[in-house]
Each structure stands twice: as structure tokens, then as C-alpha cells.
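Reading the structure
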Amino acid sequence: MPHMNLWRPCDAAETAVAWTLAIERQGPTALVLTRQPLPQQPRTPPQLANIRRGGYVLLDCSGTPEVLVIATGSEVGIAAQAVTAANAAGRRVRLVSMPSTEAFDAQDAAYREAVLPRALTRRLAVEAGATQSWWRYVGNTGRVLGIDRFGASGKAADVLPYFGFTADNIAQQIRQLLEE
């Protein structure tokens, strides 16, 4: 839909920002929320301020990242578990929360580069939806964990593992990217 801003917040903080921006905006905005309970993500004041930019570094590593994970909506909490475990094991993985690709794409080039450095080509996008739009962020050498079919329904505890949306599977995807 032309000029539509879509937001898939991962918790209450992202939802509050998305709601505020939707009210302030002249044009259509869709907030896609989940029915399942989600963990609240800890953030610094700068991270809270950057939510409105549509994409920001939620978890970072010390040094230059080896892998970049981009997640949206309810998948952020699952990805955070995998990224935290990888970093604790000595890897260098960055997690970017991307609640709105439209808002992120509207940012200046310097900000987008700071969040998603072009030189970092080992990338994984995680979205329990269509993979189509995520390829522009992961490139030809990246991966997208998503669902490119319609009709699956059920309890999150059953459906998410069936499609591979688990911390263990995301951790495996990270390890495979590191081996390439």
C-alpha cells in the first residue's frame, strides 16, 4: 500500500514508540502486534531514542561483529537469546531490532551504515513472515529465516519450533554463517 508505514514491535517500548509515531504521522500506519507474551528487552537511553528510527542496535559485541542478526516483532526475543549465547561463547554477533523497515530506510546513509555496516556480509534476518523484503538487508551471501507460505496456524509453542523459530536454530544459523 503506498505510503504505508508498518511497525512490528518486539515489546512494550517499541509498541509505545510506534503508537506515538502513528498518531503524529499524516498517512496510514499499521501496527502488527502479537497475541503471545513477549520478554521486555533492556535498553539504554540512546537505544530507546533510536527506536523511532525503525532499526537500531539492540545487542552488540565487543569489537567488530562477525555476524549481524536482524529481527523484528516477536522474533527479537528469540534472536536475543541466540545472540547472547553466541557472544558469551566468544563470538562477536550484533543484533539489530528492525520494527519498521520504512522508518529505517528513511534514515540518512550514515545512520544506516552505523547499524548495518556494508562490510559485514555474514547476515541473518529473522521474521516469522515472508522472506521477500529481507533480502535487501542480508544481500546475496546472507540468510533469511522466514515463512514463504500461508495457512499455518496454532499455538506459538507448537508453530514457532515447527518453522525453526527457536534460539537453538538461530544459533545454528549463526554458526553456519561463521563457517562459510
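Residues numbered from 1 in each chain as written. Predicted model: local features only at pLDDT ≥ 70, side-chain atom pairs only at ≥ 80, totals over all residues. Heavy atoms only, no water.

Some words on the overall build of the protein
What the protein contains, in helices and strands, is eight helices and seven strands. Relative to its length of 180 residues, the protein is compact, with a C-alpha radius of gyration of 15 Å against a globular reference of 16 Å. Dimensions of the protein along its principal axes, counting C-alpha atoms only, are 45 × 40 × 30 Å. Within the structure as shown, the protein displays about 9,500 Å² of accessible surface, and the carbon and sulfur contribution to it stands at 55%. (Helix = DSSP H or I, 4+ residues; strand = E, 2+ residues; numbered from the N terminus. Rg over C-alpha atoms; globule rule 2.2 N^0.38 Å. Areas by Shrake-Rupley, 256 points an atom, 1.4 Å probe, with all protein chains shown as cover.)

Description of the environment of Ala156
For Ala156, the position within the fold is in helix α7 (residues 156–162). Separated by 138 residues in sequence, Ala156 and Ala18 place their C-alpha atoms 24 Å apart.

What about the packing of helix α3 (residues 75–88) against helix α8 (residues 167–179)?
At a minimum axis distance of 8 Å, the contact between α3 and α8 shows a crossing angle of 55°. Taken as axis vectors, α3 and α8 run oblique relative to one another. Crossing of α3 against α8: the hand is right-handed. Residues Ile78, Ala79, Gln81, Ala82 and Val83 of α3 form the contact with α8, whose participating residues are Ala167, Ile170, Ala171 and Ile174. Taken together, the residues of the contact of α3 with α8 break down into eight nonpolar, one polar and no charged. (Axes fitted to C-alpha atoms, helices over the stretch in contact; angles between N-to-C directions. Parallel < 35°, antiparallel > 145°, perpendicular 65-115°, else oblique. Left-handed = near helix turned anticlockwise from the far one by under 90°. Contact = heavy atoms within 4.5 Å. Nonpolar A, V, L, I, M, F, W, Y, C, P; charged D, E, K, R; others polar.)

Topic: the sheet that holds strand β4 (residues 67–71)
With mixed pairing, the five strands of this open sheet are ordered in space as β3-β5-β4-β6-β7. Pairing within the sheet leaves two strands with one partner each, and these edge strands are β3 (56–59) and β7 (143–145). Across the sheet, the axes of successive neighbouring strands diverge by a mean angle of 30°, strand direction being ignored. Relative to strand β6 (residues 123–126), β4 is paired through four bridges, and the arrangement is parallel. Within β6, the position partnered with Ile70 by the bridge is Ala125. (Pairing = 2+ DSSP bridges.)

Structural notes on the pattern of salt bridges
For the coordinates displayed, the defined rule picks out ten salt bridges. As a salt-bridge pair, Glu24 and Arg52 come within 3.7 Å of each other at their nearest N and O atoms. Within this pair, whereas Glu24 is found in helix α1 (residues 12–24), its partner Arg52 is found in the loop between α2 (45–50) and β3, the two being separated by 28 residues in sequence. Of the residues examined, Arg52 reaches a relative accessible area of 44% and is grouped as partly exposed. We note a salt bridge from Arg143 to Glu180, for which the minimum N-O separation is 2.7 Å. Taken as a pair, Arg143 in strand β7 and Glu180 in the segment after α8 lie far apart in primary sequence, 37 residues in all. Taking relative accessible area as the criterion, Glu180 reaches 54% and is therefore assigned exposed. It is possible to trace a salt-bridge network through shared partners that takes in Arg8, Glu75 and Glu127. (Salt bridge = Lys/Arg side-chain N within 4 Å of Asp/Glu carboxyl O. Buried < 20%, exposed > 50% of the residue type's maximum accessible area, 1.4 Å probe, protein only.)

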